[in-house]
Amino acid sequence: MTGTRILSWLVVLQVLGPAVALALVGLPPLLGLPARERGVTRAVGAGFAIALAAAAGSLAMLAARGFAPHHVHLGTWFHVGHHETTIDLVADALSIPYVCFSTGLCGLVNAFAGKYLHRETGFVRFFVLLALFGTGMNLLVLAGSIDVLFAGWECVGISSTLLIGFFHDRVAAATAALRAFVTYRVCDAGLLAAGVVLHAATGSGDFERAIAGSWPAGTCLLSPTTALVVALLLIFAALGKSGQVPFSGWLPRAMEGPTPSSAIFYGALSIHAGAYLLLRCEAILEAAPVAAWLLVAIGAGTAIHAALVGAVQTDLKGMLAYASMTQAGIILAEIGLGWRIVPLVHVVSHAILRSLQILRSPSALHDRHELAAALGGHPGADSGPLVRLLPERARTALYHVALERGYEESLVNRLVVEPVLVALHAAARGERRVVGWLSGDGPRREADR
Amino acid sequence: MNATDAILASLLAAIAVPAAGAVATRFTALQRSARAVAVVSAALAFFAACAAAWWWHQGDGGAIARGPVAAGGAALVFDGLTALALPYAALVWLAIVVAAPKRALDGESVPRLLAGEAATLALLATAHPGLLVLLWIASIVPTVLSLRATPGGLPAARAYGRAMAAAVVCLAVGCLLIVRDPPWRPGHGLVGDAGGWLVAVAVMLRKGVFPLHSWYPALYSSGAYGTALAATMAHTAGATAIRLLVGHADGVAAELVFLAQAALVTTAYGAALAVVQRDLRGLVGTLAMSQSALVLAGLAGRLPTELCGALAVWISAGLSLTGIGLVAWAIESRAGSVPLDSHPGRADDAPALALFFLLFGLATLGLPGTLSFVADDLIVSGALDEQFHAGLLVILATVLAGIALVRGWFAIFGGPARVDRPRHPILPRERVVFTALLAILVVLGLWPGPLVASLERIAGTLLESRHDAAPPSLTHGAPAP
């Protein structure tokens, strides 16, 4: 077997590992068969271990080749006329290090959650969703075409939603999950549309046809107008997943999910999926300076907004959610500035630190009590030096703005959500009247049902 | 016996078996074993339909036409459309009769259900305008009777009956005009055009296309799920549109384009309505209206991608919505009506049904690895390639349908569990049906190549027929009138 062939197999294994684990732990509940906790954690852990070993092997082989990108064409999934959907994976300086880190984190969270969720109702469900997330994440990262990336993106979104609503017996969790899903779904339309525009422009969704050269030195092959449209659509998609203004309302509520999933989704991987998407398509952003500057503005704005709001949070997970949002905003701004290695390093370091903090958060109260006992009193909260420079009235106003989360949600609700819902309810009422008239049941009676 | 004979024999068996089952359960002592007869008849019809489709795929892909011909349509036709739609419709019926709650299949309801199946399968295998009108009536009457027999179903029976009566009148007059002045002949006059438009209106009524759609949610609100699914999931109006409207001399007929635009609006509008429904029946009804209109939206496409997408949606939306409807039926048969504003926490007492509802929901909204992902990809690409606004409407509908489904899932299954409530385990026959439907959606989603190639061939035939200015049933070796 040649080195190229071995590398191809290793790349495929990075997706297959968690995918097979997903099938192994997902099928028994579907068929009504019981599943044992230990078996489930071992199966999912083995899937991640195989993927991690394959990623490490790929990294070594790539390094030996000077990080020249290696494309794995698994064939055409389906094609009709000129429309072709291919299964292409790519191993390069961006994807393989990212898989190493993301799969490693998934494996660690798998080990942690095996103990943390012991005897929890929905234990198996958690690991099924974790395996789905791992499969989706690796597919997203290794994608060589926007079609494959979209498939991974959707898996990440679905698993994220279902894990936010993991404790679905709590209405707050169900509401938070729905809110996250609505944001994802609206923003995913951007990625879907970007994929269609790419297909129309290049005849395929392959990144190779849109970007020449290897990451990080790629150049855009699209016309300036197409590049601008695709870049704006990709940014729109990334804003939802990364919890950026004006789509950030779902992120603090997402902490309703179990701690291990919060750590991996909103501290580490899911929140950076948007950043990864933009890093992968950095060359397209570079060819669309308007979009790039827009990204800088949104990223910087989100960072300021989240830092401000995070400062007044009274619960630890909420504080950590806003801290994640701040860093994600800075990372997007870095990408908008055209930097490539800095945001990648920032993503990895932030993800590792934040997931550790979130995983440790259940013990934080205990730690704080210990600290208070050692200090002989509670350590006081200290505002930053810049805030101390502000006059009292401005400080109070800023405090109110922060408490109201920058009025972001109320504005979105008032300007978008409420008018849409009012219109939809009016349409539904009208429908009931028409049905009443059609069925001879009387419009008033039908409308009142 | 050659392949053509085998196809025709299998086709006739697929139609005759449920018809015989309907007669047997209505007039003989088999009434007491109505459920068993229904399952056996539906299973035999399904296998016969699959056999016919298999034989057809082994051949050269040409259309087989037999019997009298009017306006270019033969009484008995087996072409790509039949090969796709016949096994699909038979599978929908089989799923309904196997998964239906016990009390829903008695000596009264089974004859109606099987008669409806026989009429629908026959309808999918004819292109003769006169027969199409008769079979429309034959497939509508059992639904009206079933609705009338359902407690509280009279208003829905009235709404459905009135809409369908108008549809049949439009179709009958339209067919008369089409026979007199076939609109695909060069130099056709206003009579042919009027006929085409009347057929389009009939299709809009039958399919529940905006603004003639209001009976659709009413049917799901008041009728049994089995009745509603059988009446809507076979896509008979789509098949009729292909038989009668495709093939105009001037390319795609204006009425077909209008139909497609209206269907696109229905797709988005239905999904939007689904977001604010107050009960499970309303949710399933509006989603079914939205997704099945998507089939019609792609049928007027000028690109194989869009047509292929429409045919893929035919199967994916049909099977996943059938699954959702059957799961909803199972929940309601155990726990009564399900509101969407109270978070009753059904996941605790019906965990398996919650799982299947979720999976069918994900299969409807385009989860990667399911057929709907492929179908959405094709139809969005085709629609955006052809008309930008069409693509945007499809994307909007996909977004809204997803939101409606996830909201529905959390509203039904989320909320505090109550320890004093009875548990509702899934029945083995329900598990078999749900798992089989899911397996089909997943297998075709993971390996869509053969299906898409087959759909492309069918789409090519439909597009060719437009370019050749001849109706589809005569394009591949059918005898001349």
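Colleague: Can you help me understand the interface of chain A and chain B in this one?
Modeller: A common measure of how large an interface is: the accessible area buried when the components associate. The partner chain B presents 53 residues to the 44 residues of chain A that form the contact. For the side of chain A that touches chain B, the secondary structure elements donating two or more residues are α1 (3-31), β1 (70-80), β2 (83-91), α5 (146-164), α6 (171-202) and α19 (408-438) of chain A. Partitioned by chemical class, the residues of the side of chain A that touches chain B number 28 nonpolar, 11 polar and five charged.

Colleague: How should unusual backbone geometry be read in this particular structure?
Modeller: What you tend to see is this: most non-glycine residues have negative phi, and most peptide bonds are trans. Following valine 245 of chain A, the chain continues to proline 246 of chain A via a peptide bond in cis, the omega torsion being 5 degrees. Its location among the elements puts proline 246 of chain A in the loop between α8 (224-241) and α9 (250-253). The amide bond that connects phenylalanine 210 of chain B to the next residue, proline 211 of chain B, takes the cis arrangement and shows omega of 5 degrees. Here proline 211 of chain B shows up in the loop between α7 (190-207) and α8 (215-222). Phi is positive for phenylalanine 67 of chain A, close to 60 degrees, though the residue is something other than glycine. In this model, tyrosine 407 of chain A sits at a positive phi of 60 degrees, which is unusual for a non-glycine residue. Within the secondary structure layout, tyrosine 407 of chain A lies in the loop between α18 (392-403) and α19.

Colleague: Where do I start with the confidence of the model for chain A in this structure?
Modeller: Low pLDDT means the predicted coordinates in that region are not meant to be read closely. Chain-level pLDDT for chain A is 90 on average; 96% of the residues reach the 70-or-more range. Confidence drops under a pLDDT of 50 for residues 443-449 of chain A, and excluding neighbours within four residues, the segment shows 14 contacts in the predicted structure.

Colleague: Help me understand the packing of helix α11 (residues 254-275) of chain B against helix α17 (residues 388-413) of chain B, please; the structure alone is not making it clear to me.
Modeller: In helix packing, the relevant descriptors are the interaxial angle and the interaxial distance, both defined with respect to the helix axes. Residues and elements named next belong to chain B. For the pair α11 and α17, the least separation of the axes is 8 Å and the interaxial angle reads 25 degrees. By the angle between their directions, the pair α11 and α17 is classed as roughly parallel. Our pair here, α11 against α17, has a crossing hand that is left-handed. On α17, the residues that touch Leu264, Thr267, Ala268, Ala271, Ala272, Ala274 and Val275 of α11 are Ala390, Leu393, Val394, Leu396, Ala397, Leu400, Ala401, Ile403, Ala404 and Arg407. Per-class residue counts for the contact of α11 with α17 are 15 nonpolar, one polar and one charged.

Colleague: Help me out: how do you make sense of the environment of leucine 299 of chain B in this one?
Modeller: Residues and elements named next belong to chain B. By the element assignment, leucine 299 lies in helix α12 (residues 280-299). The exposure class of leucine 299 is buried, given the 28 C-beta atoms found within 10 Å. Between the C-alpha atom of leucine 299 and that of alanine 241, which follows or precedes it by 58 residues, the distance is 8.5 Å. What leucine 299 contacts, discounting residues up to four positions off in sequence, is Gly238, Ala241, Ile242, Ala260, Leu307 and Ala310.

Colleague: I tried to follow the domain arrangement of chain A on my own but got confused; where do I start?
Modeller: Annotation of chain A at the domain level lists domain 1 (3-362) and domain 2 (409-448). Each of domain 1 of chain A and domain 2 of chain A has a C-alpha centre, and these two points are 38 Å apart.

Colleague: Help me understand the packing of α8 of chain A against helix α11 (residues 273-280) of chain A, please; the structure alone is not making it clear to me.
Modeller: All names here are of chain A. Packing of α8 against α11 brings their axes to within 7 Å, and their N-to-C directions diverge by 155 degrees. With respect to their mutual orientation, α8 and α11 come out roughly antiparallel. Residues Leu234, Ala237, Ala238, Leu239 and Lys241 of α8 pack against Ala273, Gly274, Leu277 and Leu278 of α11. Across the contact of α8 with α11, the residue classes break down as seven nonpolar, one polar and one charged.

Colleague: Before we go on, may I ask you to explain the nonpolar core in this structure?
Modeller: Taken as a class, soluble globular proteins show a tendency for nonpolar side chains to be buried jointly. If you look at the biggest cluster of nonpolar residues, it comprises 355 residues, and the most contacted ones within it are Leu234 and Ile284 of chain A together with Leu86 and Leu121 of chain B. Looking at which domains feed residues into this core, each of domain 1 (3-362) and domain 2 (409-448) of chain A supplies at least three. Dropping the residues within four chain positions of it, leucine 121 of chain B is found in contact with Ala14, Ile15, Ala45, Ala49, Leu86, Ala89 and Ala90 of chain B.

Colleague: Any chance you could explain α1 of chain A here in plain terms?
Modeller: For an α-helix the count is 3.6 residues per turn, leaving residues at separations of three or four pointing the same way. All names here are of chain A. An ideal rise of 1.5 Å per residue puts 42 Å on 29 residues; α1 measures up with 41 Å between its terminal C-alpha atoms. Maximal helix bending in α1 amounts to about 30 degrees, located at leucine 13. The set of residues buried in α1 consists of Leu7, Ser8, Leu10, Val11, Gln14, Val15, Gly17, Pro18, Ala19, Ala21, Leu22 and Val25. Those residues of α1 that are buried lie in contact with α2 (37-64), β1, β2, α3 (95-116) and α4 (123-142).

Colleague: Could you clarify how one ought to interpret the confidence of the model for chain B in this entry?
Modeller: Residues and elements named next belong to chain B. Averaged over chain B, the pLDDT score is 87; the fraction of residues at 70 or greater is 93%. When the elements of chain B are averaged for pLDDT, helix α19 (residues 449-467) gives the smallest value, 77, and helix α4 (residues 109-124) the largest, 95. A low-confidence stretch, residues 469-481 (pLDDT under 50), is modelled with 48 contacts involving residues beyond four sequence positions or located in other chains. The ipTM, which scores confidence in the relative placement of chains, is 0.90 for this predicted complex, and the corresponding pTM is 0.91.

Here is what the cut-offs are and how they apply
Residues numbered from 1 in each chain as written. Chains lettered and ligands numbered in written order. Predicted model: local features only at pLDDT ≥ 70, side-chain atom pairs only at ≥ 80, totals over all residues. Contact = placed C-beta atoms within 7 Å. Helix = DSSP H or I, 4+ residues; strand = E, 2+ residues; numbered from the N terminus. Nonpolar A, V, L, I, M, F, W, Y, C, P; charged D, E, K, R; others polar. pLDDT = per-residue confidence, 0-100. Axes fitted to C-alpha atoms, helices over the stretch in contact; angles between N-to-C directions. Parallel < 35°, antiparallel > 145°, perpendicular 65-115°, else oblique. Left-handed = near helix turned anticlockwise from the far one by under 90°. Buried ≥ 20, exposed ≤ 12 C-beta atoms within 10 Å, placed from the backbone. Domains from an automatic or database assignment. Core = buried A, V, L, I, M, F, W, Y, C linked by C-beta atoms within 7 Å. Expected span 1.5 Å × (residues − 1). Bend = angle between axes of the 7 residues up to and from the residue.

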